[in-house]
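# Examination of the molecular architecture
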Amino acid sequence: MPRDPYEVLGVSREASAQEIKKAFRLLARELHPDVNAHDPDAEEKFKEAAEAYEILSDEERRATYDRYGHEGLRSGGYAPNFEGFGSIGDLFNAFFGAGAMGGRPGPAQGGDAAVAIEIDLASAAEGTTSQVSFDAIERCEHCHGNGAEPGTPIETCERCGGSGQLQAVTRTMLGQMVRTMVCDTCHGEGRVPKQPCRRCRGRGRVASKRTLDVEIPAGIADGQRIRLSGRGHAGEPGAPAGDLYVVVHVRDDERFLREGDDLITVLDVAAPLAALGGTLEVPTLEGHASIELPPGTQPGEVLTLRGAGMPALKRSRRGDLRVVVNVVVPRRLTDEQRELMEQLNASLSEENLRSHESVFAKLRRALGSQAA
Ligand SMILES: [Zn+2]
Ligand SMILES: [Zn+2]
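In what follows, the accompanying structure is described. None of these values were measured; they are calculated from a predicted model.

## Some details on the sheet that holds strand β15 (residues 321-328)
Paired through backbone hydrogen bonds, the strands of a sheet run either parallel or antiparallel to each other. Here 4 strands make up an open sheet; going across it, the order is β10-β11-β15-β14 and the pairing mixed. The open sheet has two free edges, formed respectively by β10 (257-259) and β14 (302-305), since each of these has just one partner strand. On average, each strand axis in the sheet is inclined to that of its neighbour by 35°, with strand direction left out of account. With 3 bridges joining them, β10 and strand β11 (residues 262-270) adopt antiparallel strand pairing. Its bridge partner being in β11, Leu 257 is matched across the sheet by Ile 264.

Here you go:
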């Protein structure tokens, strides 16, 4: 079932035609691909907004919707649906006229490029600089990007008469629509080289290996992307370059599990030591740190080292290192050890084994649940 069109446009049920139009225009501007190029849902959202506008901008349809809802519109033969209408550019042009997609069509902007890198957990904690290499489309240096063999003239494009655009009239469900397209001969330039550059065959761009140093901020998580604006593929002459996306993979560290900004590690402690308590060494990202083990520490208890976790990307505070105590019961005892154990065991009283935990708390701990 489609959403309530009033809700989609964010207007009240009493909104005037003027308010509805204004709300739709504002929403459309927000969802315009030039503004919102990287929101994969922008197209769906725009279609939804367009459908809502189609209902509320028509008095009769709006009245039908108000009384009978979407069902009423459907049985009345009117249910707007812009699925399969074509590209979002076509939709924008249909609503706002040719050229709504970024004014006068011109040379195309460069495409975005993506590259993946892998770093270890310690580098993710400290922040690092990584070198990335990728095949980028760059300006052709032989012709300086104009596509003409040096020393040869550039002439007005015959196909578009130098305007860089072509007009096409199409019929759509919204009526006759004039679409303006970039000229496919000159790619919007309006001019074409008489003799194309031999290195780039007139395109003005060539592919080449590009190497860049990328700053990886401290605290980055596995799978996060860093966007380098304008470092992607070069555009057609006169148009801006695309962006470069660096996808950061953080390798697993066998010593630590990461949970948000916290790190979790497991520390094996012999049962007698867990009973006695003491100062222990735990691994940290930087090396080692001391931690106090209280006497009588039970299996699965968690000790916390404040601030020894990962730095938080957008906050100054670091996460914690949580140390899960794994009490190890000694195996393969020597005769002497067995004797000591027998003595110890015989000496234990109810008092030594009593705890304040309920049966369920013990069970939960035994099952390894860290949740409080
Ligand atoms: Zn060239
Ligand atoms: Zn042309």
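## Regarding the packing of aromatic side chains
Geometrically, a pair of aromatic rings is defined through the distance of the ring centres and the angle of the planes. One pass over the full model with this rule turns up 3 aromatic pairs. Here Tyr 6 and Tyr 65 contribute two aromatic rings whose centre-to-centre distance is 6.3 Å and whose plane-to-plane angle is 45°, an arrangement assigned as tilted. One end of the pair, Tyr 6, is in helix α1 (residues 5-9); the other, Tyr 65, is in helix α4 (residues 59-75), and 59 residues separate them in sequence. By relative accessible area, which is 2% here, Tyr 6 ends up buried. Under the relative-accessibility criterion, Tyr 65 is labelled buried at 8%. When the ring of Phe 24 is compared with that of Tyr 53, the centres are 4.3 Å apart and the planes differ by 10°; the resulting orientation is stacked. With a gap of 29 residues between them, Phe 24 in helix α2 (residues 17-31) and Tyr 53 in helix α3 (residues 42-56) connect regions that are remote in the sequence. Judged by its relative accessible area of 1%, Phe 24 is buried.

## Observations concerning the packing of α3 against α4
Running from N to C, α3 and α4 point in directions that differ by 130°, and their axes come no closer than 9 Å. As summarised for this structure, α3 and α4 are arranged oblique, according to the angle between their axes. Mapping the contact onto sequence places Glu 54, Ile 55 and Leu 56 in α3 and Arg 61, Arg 62, Tyr 65, His 70 and Leu 73 in α4. Considered class by class, the residues forming the contact of α3 with α4 number 4 nonpolar, 1 polar and 3 charged.

## Some details on the coordination of the zinc ion (ligand 2)
Within the first shell, the zinc ion (ligand 2) binds the protein through Cys 157 (SG), Cys 160 (SG), Cys 183 (SG) and Cys 186 (SG), at distances of 2.2 to 2.3 Å. Angles of 102 to 118° at the metal separate the 4 donor atoms of the zinc ion (ligand 2), which places the site in the tetrahedral class. Donor residues for the zinc ion (ligand 2) sit on one chain with the sequence pattern C-x2-C-x22-C-x2-C. Placement of the pair is Cys 157 in the loop between β3 (154-156) and β4 (165-172) and Cys 186 in the loop between β5 (175-182) and β6 (191-193), with a sequence separation of 29 residues. Residue class for Cys 186 comes out buried when judged on its relative accessible area of 5%.

## Notes on the sheet that holds strand β9 (residues 244-250)
Pairing in this open sheet of 3 strands is mixed, and the strands run β1-β9-β8 from one edge to the other. Lying at the two open borders of the sheet, with one neighbouring strand each, are β1 (113-119) and β8 (225-228). For this sheet the average axis-to-axis angle between neighbouring strands, irrespective of direction, equals 25°. As defined by bridge partners, β8 adjoins β9 across 4 bridges and the pair is classed as antiparallel. By the bridge assignment, Arg 227 is partnered in β9 with Tyr 245.

## Here's the deal with the coordination of the zinc ion (ligand 1)
Bound to the zinc ion (ligand 1) on the protein side are Cys 140 (SG), Cys 143 (SG), Cys 197 (SG) and Cys 200 (SG), at distances that span 2.2 to 2.3 Å. Relative to the metal, the 4 donor atoms surrounding the zinc ion (ligand 1) lie at angles of 102 to 115°, and the coordination shape comes out tetrahedral. Look at where the donors of the zinc ion (ligand 1) fall in the sequence and you get C-x2-C-x53-C-x2-C. Summarising the burial analysis for this pair, Cys 197 and Cys 200 share the class buried.

## Topic: α3
An ideal rise of 1.5 Å per residue puts 21 Å on 15 residues; α3 measures up with 21 Å between its terminal C-alpha atoms. Counting buried positions along α3 yields 11 of 15 residues, so the element is predominantly enclosed. Residues of α3 that are buried include every one of Ala 42, Phe 46, Lys 47, Ala 49, Ala 50, Glu 51, Ala 52, Tyr 53, Glu 54, Ile 55 and Leu 56, and no others.

The rules we used
Residues numbered from 1 in each chain as written. Chains lettered and ligands numbered in written order. Predicted model: local features only at pLDDT ≥ 70, side-chain atom pairs only at ≥ 80, totals over all residues. Heavy atoms only, no water. Pairing = 2+ DSSP bridges. Helix = DSSP H or I, 4+ residues; strand = E, 2+ residues; numbered from the N terminus. Axes fitted to C-alpha atoms, helices over the stretch in contact; angles between N-to-C directions. Phe/Tyr/Trp six-rings, centres within 6.5 Å; stacked < 30°, edge-to-face > 60°. Buried < 20%, exposed > 50% of the residue type's maximum accessible area, 1.4 Å probe, protein only. Parallel < 35°, antiparallel > 145°, perpendicular 65-115°, else oblique. Contact = heavy atoms within 4.5 Å. Nonpolar A, V, L, I, M, F, W, Y, C, P; charged D, E, K, R; others polar. Donors = N, O, S within 2.8 Å, 3.2 Å for Na, K, Ca; no water. Tetrahedral: all angles 85-135°; square planar, octahedral: opposite > 155°, others 65-115°. Expected span 1.5 Å × (residues − 1).

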